[in-house]
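What follows is each chain in one-letter form.
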Amino acid sequence: MKNVTAYINNKALLHNLDVIKTHVPNSKIIAVVKANAYGHGLINVAKTLESKVDAFAVARIGEAISLKEHNINKPVVLLEGFYNEDEVKIIAQNGFMTAVHDIEQVQMLQKAKLEGLKVKAFMKIDIGMHRLGANPEDVLNIKTQLENCINVEQPIGLISHLSVADTPSEYDYNNEQINYFLDVAKTFKGDLCLANSAGILNWPLSHTDYVRPGIIMYGISPFEGKVGHDHGLMPVMSLKSSLIAIRHVKKGAKIGYGAAFIAPCDTTIGIVAAGYGDGYPRTAPNGTPVYINGRIVPTAGHVCMDMLFVDLGNDAKDKVGDEAVLWGDELPVEIIAKYCNTIPYELVCRVMPRVDISYFG
């Protein structure tokens, strides 16, 4: 009998990358591995993909340093940039690439003592997300200062992020964002980087010099109502555990904390060794599917810290030790996210450190 285990299929990861490349044959690939490679293991994913991609992207400098320490030699892009002058020096010394999204970061670059080293930069502009990036009225000033900064390698690139590429109903707004980016890009001589996962799949106009696949590398759809298989992708993570107890209960039995489930008839309750302490969502309602012995069974009652209940049915033949698939090949994580009123990104990213990880393929 195994504890909760996240099985990471490296063959599926490579398959998904091949699928991505069919969509963007003329673009270079920056593989997004922030947040521990979306919960799939930063170093394993990077080593698996290193010979197949052109660069990696992370959110924070600690992630970039971890890649360097594990001898990952492909370029690393810092999507959030940096927070102080000390980080500028670290970026230059390690050859990292960085986004620069406001005048404060430009000033840090100007003040940094780099002893002849230079920073390779993408200027980040806001095209509609309103999160990070230069506003339209600031673009020219920031661009000019970056081009005149002795600490910045020339030419500078241009980067941004699509906010509604995963929302087909926002067709006009998405095109407005792409067209604005491409209009600004006319004044840049460096590399361009725009498309995210949804852009790669659905918006060919966003396929610039570089693209940044994230969630689709891990076999998960960025679109509501779809799963990875709909795009020819394979799920990379399967989260599995085991039945550790079987309980026969009568009609009317009140199950779990707060009596959140009341048995509508005589039935068999299975106890699965997985809970919110492992990253399975506490918000999973009664009826959230779990795959056991070739069939879907529903959860019953509140998810506990270390365990959850499933209704196996009155005629169940399941035994202690049988495998329970919480999400994976047989049960897409997108479906679990839908039940829990969240997104699959959150579920895979918050698998907890105590969960065993098994890499294969």
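Described below are features of the structure shown in this document. (Residues numbered from 1 in each chain as written. Predicted model: local features only at pLDDT ≥ 70, side-chain atom pairs only at ≥ 80, totals over all residues. Heavy atoms only, no water.)

## Considerations on the side chain of Asn 174
Relative to the elements of secondary structure, Asn 174 occurs in helix α8 (residues 171–185). In this structure Asn 174 touches Leu 162, Val 164, Ala 165 and Trp 203, once residues within four positions along its chain are discounted. (Helix = DSSP H or I, 4+ residues; strand = E, 2+ residues; numbered from the N terminus. Contact = heavy atoms within 4.5 Å.)

## A word on the nonpolar core
Counting 113 residues, the largest nonpolar core has Leu 67 and Trp 327 as its most contacted members. Membership of the second largest hydrophobic core comes to 9 residues, among which are Phe 261, Ile 269, Ile 271 and Ala 300. (Core = buried A, V, L, I, M, F, W, Y, C linked by side-chain atoms within 4.5 Å. Buried < 20%, exposed > 50% of the residue type's maximum accessible area, 1.4 Å probe, protein only.)

## Focus: a nonpolar patch on the surface
Judged by side-chain polarity, Met 1, Ile 244, Met 307 and Val 320 come together as a nonpolar surface patch covering roughly 370 Å² of accessible area. Mapped onto the elements of the fold, Ile 244 is located in strand β10 (residues 237–249). On the accessibility criterion, Ile 244 (35% relative accessible area) is partly exposed. (Patch = residues over 30% accessible without salt bridge, like charges linked within 9 Å, V, L, I, M, F, W, Y side chains within 5 Å. Areas by Shrake-Rupley, 256 points an atom, 1.4 Å probe, with all protein chains shown as cover. Salt bridge = Lys/Arg side-chain N within 4 Å of Asp/Glu carboxyl O.)

## Let's talk about helix α7 (residues 139–147)
For α7, the set of buried residues is Val 139, Ile 142, Lys 143 and Leu 146. Buried residues in α7, looked at end-on, bunch into an arc of 100°, giving them a common side. Close packing links the buried residues of α7 with β5 (97–100), α6 (103–111), β6 (120–124) and α8. (Arc of directions from axis to C-beta.)

## A word on the environment of Cys 265
Mapped onto the fold, Cys 265 is located in the loop between β12 (261–262) and β13 (267–272). Looking at Cys 265, the relative accessible area reads 39%, which means it is partly exposed. C-alpha of Cys 265 to C-alpha of Ala 253: the two residues are 12 residues apart in sequence and 8.7 Å apart in space. If we ignore the near neighbours within four places in the chain, the residues touching Cys 265 are Lys 250 and Lys 251.

## Section: the packing of aromatic side chains
The relative placement of two aromatic rings is captured by the distance of their centres and the angle of their planes. All chains considered together, the criterion is met by 5 aromatic pairs. Ring geometry for Tyr 171 against Trp 203: centres 5.5 Å apart, planes inclined by 40°, an arrangement best described as tilted. Here Tyr 171 is found in helix α8, whereas its partner Trp 203 is found in the loop between α9 (197–202) and β9 (210–211), with 32 residues between them in sequence. You can call Trp 203 buried: its relative accessible area is 9%. Within the aromatic cluster, the residues linked to one another by ring pairs are Tyr 38, Tyr 218 and Tyr 345. A cation over an aromatic ring shows up here: Lys 143 above the ring of Phe 188, its NZ or CZ 5.2 Å from the ring centre. (Phe/Tyr/Trp six-rings, centres within 6.5 Å; stacked < 30°, edge-to-face > 60°. Lys NZ or Arg CZ within 6 Å of the ring centre and 35° of its normal.)

## Details of unusual backbone geometry
Peptide bonds are, in most cases, trans, and in most cases residues other than glycine have a negative phi. With an omega dihedral of -5°, the bond running from Gln 154 to Pro 155 counts as a cis peptide bond. Positioned with a positive phi, Ala 35 is a non-glycine residue whose angle comes to about 50°. Within the fold, Ala 35 resides in helix α2 (residues 34–38). Exposure remark for Ala 35: the relative accessible area of 37% places this residue in the partly exposed category.

## Some points on the pairing of β6
Of all 5 residues in β6, 4 are buried; the element is thus mostly enclosed. The parallel pair β5 and β6 is bridged by α6, and the resulting crossover is right-handed. Assessed by its sense of winding, the connection that carries the chain from β6 through α7 to strand β7 (residues 157–159) is right-handed. (Right-handed = clockwise from strand over helix to strand, strands pointing away.)

## Re the environment of Pro 353
As for its placement among the helices and strands, Pro 353 is situated in the loop between α11 (344–349) and β18 (356–360). Under the relative-accessibility criterion, Pro 353 is labelled exposed at 76%. The spatial distance from the C-alpha of Pro 353 to the C-alpha of Asp 266 is 37 Å, given a sequence separation of 87 residues.

## Overview of the side chain of Ser 197
Summarising the element assignment, Ser 197 is placed in helix α9. Contacts of Ser 197, omitting those with residues within four sequence positions, involve Arg 212, Pro 213, Gly 214, Ile 215, Ile 216 and Pro 222.

## Description of the pattern of salt bridges
Once the charged atoms of two side chains with opposite charge are near each other, the side chains can pair. Counted according to the given criterion, the structure contains 9 salt bridges. Across the salt bridge formed by Glu 323 and Lys 240, the nearest N and O atoms sit 3.8 Å from each other. Of this pair, Glu 323 sits in strand β17 (residues 323–327) while Lys 240 sits in strand β10, placing them 83 residues apart in sequence. For Glu 323, a relative accessible area of 40% puts it in the partly exposed group. Take Lys 240: its relative accessible area is 17%, and that puts it in the buried class. With its nearest N and O atoms 2.5 Å apart, the salt bridge here joins Arg 295 to Asp 318. Of this pair, Arg 295 sits in strand β15 (residues 295–298) while Asp 318 sits in the loop between β16 (308–311) and β17, and the two are 23 residues apart along the sequence. Given the relative accessible area of 27%, Arg 295 is considered partly exposed.

## Details of the packing of helix α4 (residues 61–69) against helix α5 (residues 85–94)
The interhelical angle for the contact between α4 and α5, taken along N-to-C directions, is 30°, at an axis separation of 11 Å. Considering the angle they form, α4 stands roughly parallel to α5. The two elements α4 and α5 meet at a crossing, and its hand is left-handed. Between α4 and α5, the contacting residues are Ile 61, Ile 65 and Lys 68 on the first element and Glu 87, Ile 90, Ile 91 and Asn 94 on the second. Its residues assigned to classes, the contact of α4 with α5 shows 4 nonpolar, 1 polar and 2 charged. (Axes fitted to C-alpha atoms, helices over the stretch in contact; angles between N-to-C directions. Parallel < 35°, antiparallel > 145°, perpendicular 65-115°, else oblique. Left-handed = near helix turned anticlockwise from the far one by under 90°. Nonpolar A, V, L, I, M, F, W, Y, C, P; charged D, E, K, R; others polar.)

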